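What follows is the residue order along each chain.
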2 protein chains.
Amino acid sequence: MAGGIGSRFWPMSTPECPKQFLDITGTGRTMIQQTFDRFDGLVDISRVWVVTAQKYAAIVARQLEGINPQHILLEPCMRNTAPCNAYAAWKIQAEDPEAVIFVAASDHLVTDPAEFRHVVARGFDFVRPGNRILTLGMRPTHPETGYGYIEQGEAVGDGIFRLASFREKPNLATAQQYLATGHYTWNSGMFLWTVGTIVSEIRQYAPEIAAQMDCIAPSFFTSAEPEALAEYFPQCPKISIDYAVMEKTRIASVLPAEFGWSDLGTWGSLRALSSRDADGNAVIGDGVKVIDSKGLMVRMPQGKQVVIQGLEDCIVAEHNGTLLICKLSDEQRIKEWHD
Amino acid sequence: MAGGIGSRFWPMSTPECPKQFLDITGTGRTMIQQTFDRFDGLVDISRVWVVTAQKYAAIVARQLEGINPQHILLEPCMRNTAPCNAYAAWKIQAEDPEAVIFVAASDHLVTDPAEFRHVVARGFDFVRPGNRILTLGMRPTHPETGYGYIEQGEAVGDGIFRLASFREKPNLATAQQYLATGHYTWNSGMFLWTVGTIVSEIRQYAPEIAAQMDCIAPSFFTSAEPEALAEYFPQCPKISIDYAVMEKTRIASVLPAEFGWSDLGTWGSLRALSSRDADGNAVIGDGVKVIDSKGLMVRMPQGKQVVIQGLEDCIVAEHNGTLLICKLSDEQRIKEWHD
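What you see is a predicted model; the values in this text were computed from it and never measured.

What counts as what
- Residues numbered from 1 in each chain as written.
- Chains lettered and ligands numbered in written order.
- Predicted model: local features only at pLDDT ≥ 70, side-chain atom pairs only at ≥ 80, totals over all residues.
- Heavy atoms only, no water.
- Helix = DSSP H or I, 4+ residues; strand = E, 2+ residues; numbered from the N terminus.
- Rg over C-alpha atoms; globule rule 2.2 N^0.38 Å.
- Buried < 20%, exposed > 50% of the residue type's maximum accessible area, 1.4 Å probe, protein only.
- Contact = heavy atoms within 4.5 Å.
- Areas by Shrake-Rupley, 256 points an atom, 1.4 Å probe, with all protein chains shown as cover.
- Lys, Arg positive; Asp, Glu negative; His and termini not counted.
- Charge placed at Lys NZ, Arg CZ, Asp CG, Glu CD.
- Buried area = accessible area lost by both parts, 1.4 Å probe.
- Salt bridge = Lys/Arg side-chain N within 4 Å of Asp/Glu carboxyl O.
- Nonpolar A, V, L, I, M, F, W, Y, C, P; charged D, E, K, R; others polar.
- Least-squares fit on C-alpha atoms with pLDDT ≥ 70 in both.
- Expected span 1.5 Å × (residues − 1).

## A word on the overall build of chain A
In terms of helices and strands, chain A carries 10 helices and 16 strands. Against the 2.2 N^0.38 benchmark of 20 Å for 339 residues, chain A shows a C-alpha radius of gyration of 21 Å, consistent with a compact globule. Considered along the principal axes of its C-alpha atoms, chain A spans approximately 60 × 50 × 35 Å. Among the 339 residues that make up chain A, the fraction classed as buried is 54%. Contacts in chain A between residues far apart in sequence, at least 24 positions, make up 63% of those at least 6 positions apart. Carbon and sulfur atoms form 48% of the exposed surface of chain A, whose accessible area is close to 14300 Å². Within chain A, one finds 30 positive and 40 negative side-chain charges whose respective centroids are separated by 2 Å.

Structure below.
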């Protein structure tokens, strides 16, 4: 899934080139490239699919060299993750009715890819028999209030549990209770299923989406597809796969895992995952000098000369000539400050 | 005088293009151009002289269109203001022994040029008879600790006083006492004298400088001048005109004046003189959005998109791709942070 606009990561992330296509972490690989790299040895590039917006088609093809152009699915408009997953599932089914699917956002961070591959391989084994949906629950490292949580039920396999319930982003006290029980994990939005299972579940719980997909399907892989897509896809309701299917299905399980995951939703989450100096400053950019400062998240272009002195708990970020300086504690308001 | 390097105004001011050659105030004219403009109708461009460093020769000629190239005096090295004034005086005397001179830094700000011209005209009248040195004392608007002060003695003419003493930069309590007496003004470093008077005073109080000038003088306006200058000028002691002459001379007077002067020595002084919003933010740069912030001095390139949120009493300045963010209260340390 690569259709987001990453508005909280402004000014790095812009509608023209959002977060998933940027080297946010300063490693030399963009987020979508890192996401792709993560499957090295597990999934061949011939079986990678990307759902994105029409305007990002070229950038996806450029960043994921070797991807099958037929596998870059172009949404004509944003309809949240349920129509996105439906479109991918319907189309994958047309190519390979036996496919086992792993779904992930293209702009999340994983710092332990080896453990990630190990977990995903277990997940594939679990869902391959069919009639199973598996979500990866991230073992919480702290009482984060920026994520939804998943409540585990009884064990249904080796380290896998029945998915008892989804919980909205909690307040701090509730998050602390969740951690204390040991039965809650963060909802990462990573799912595994066979293509037959997810198509069947969408038909059952989101029939209005399934109906649009059935209208588009006859045109798949033909020159008529864009037109059919433009006609029917926008008629899908705007709804997440969590609401449309996951909260209703009776066949969902959760696999609690820990591989250094973050949705990298904000500058603060990047800071939390970056290496920091003794004063808690995370600095990306080789020309940055930080003096008398604490708790900063700094992201400047390579080579740019910068002196920052006397700041605390701030974001200082520049991209494409646009500069943001703000309090980390106000980062949820970043969206308000730009067009 | 245009030989300084303006190190406290980094990153705008750099050794390659220091403060006097920059449009610090965002008006479209550089500081040296504003200094020149200030004499409009009072001094013809044919009688303007600039003392600067060799590397700034071209930029002076470019910024002061129409200046006599013979009047751009090039110091081979920095020797503070006494050798600078001696060189100018010796050479002006060679061209016009009757000259009446006004000496000023090229990088100071005056916000009331009409009053400035009025004061300078009075000063010219006062010193024209000869054997008089006049300094312009700036009436203090606040107990500034960043300036030296001049103590007035008895009146010697219409609004002109004997110069009783120079005082080094005071602490706050002393500065407050100075203001309470009404007899102290800021030392602006602006002087008026006839060329004969200053040459005579330098001969008396700084004979080691006069000796070097006498060695250079035979080559004035010839192709041998640069060589003579390179040989003798560096042998001058590094000393200011204040120490070398003004504190010793017995013929100095002070004319207290008020024309919105600032040495514009620091970002803080620019802020104090700029128009500010209701929260005390002075902003130069048409792409800057300031939110939830107080007491800022912001200077960004035109057109650059910037959001600043949640800062107090800071400098945010960018020039030629180099960015500075620091506390205004620490601006005296700016020199330490760059090469």
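## A look at the interface of chain A and chain B
The interface of chain A with chain B comprises 26 residues on the first partner and 27 residues on the second. The contact between chain A and chain B buries some 2000 Å² in all, and 55% of this surface belongs to carbon and sulfur atoms. Sorting the residues of chain A by area buried against chain B places Val307, Gln309 and Ile325 of chain A first, and these three jointly supply 31% of that buried surface. For the pair chain A and chain B, the number of links is 4 salt bridges. For Lys304 of chain B, the salt bridge goes to Glu318 of chain A, with nearest N and O atoms at 2.8 Å. Contributions of two or more residues to the side of chain A that touches chain B are made by strand 12 (288-291), strand 14 (306-309), strand 15 (314-319) and strand 16 (322-327) of chain A. With 6 residues, the top contributor of residues to the side of chain A that touches chain B is strand 16 of chain A. Partitioning the side of chain A that touches chain B into residue classes produces 14 nonpolar, 5 polar and 7 charged.

## Quick look at the relation of the copies chain A and chain B
You can overlay chain A on chain B at an RMSD of 0.1 Å; the transform is a turn of 179° with a shift of 0.1 Å along its axis. Classification of the inter-copy transformation places it as that of a two-fold axis. Of every C-alpha in chain A, the one belonging to Leu311 of chain A sits nearest the axis of rotation, 4.2 Å from it. Interface overlap between copies: 100% of the residues of chain A at the interface are likewise at the interface in chain B, consistent with a symmetric, same-surface contact.

## Notes on helix 3 (residues 81-95) of chain B
Residues and elements named next belong to chain B. Under the 1.5 Å per step criterion, the end-to-end length of helix 3 is 21 Å for 15 residues, consistent within 8% with the ideal 21 Å. Within helix 3, 11 of the 15 residues are buried, leaving the element largely enclosed by the surrounding structure. For helix 3, the set of buried residues is Ala82, Pro83, Cys84, Asn85, Ala86, Tyr87, Ala88, Ala89, Trp90, Lys91 and Ile92.

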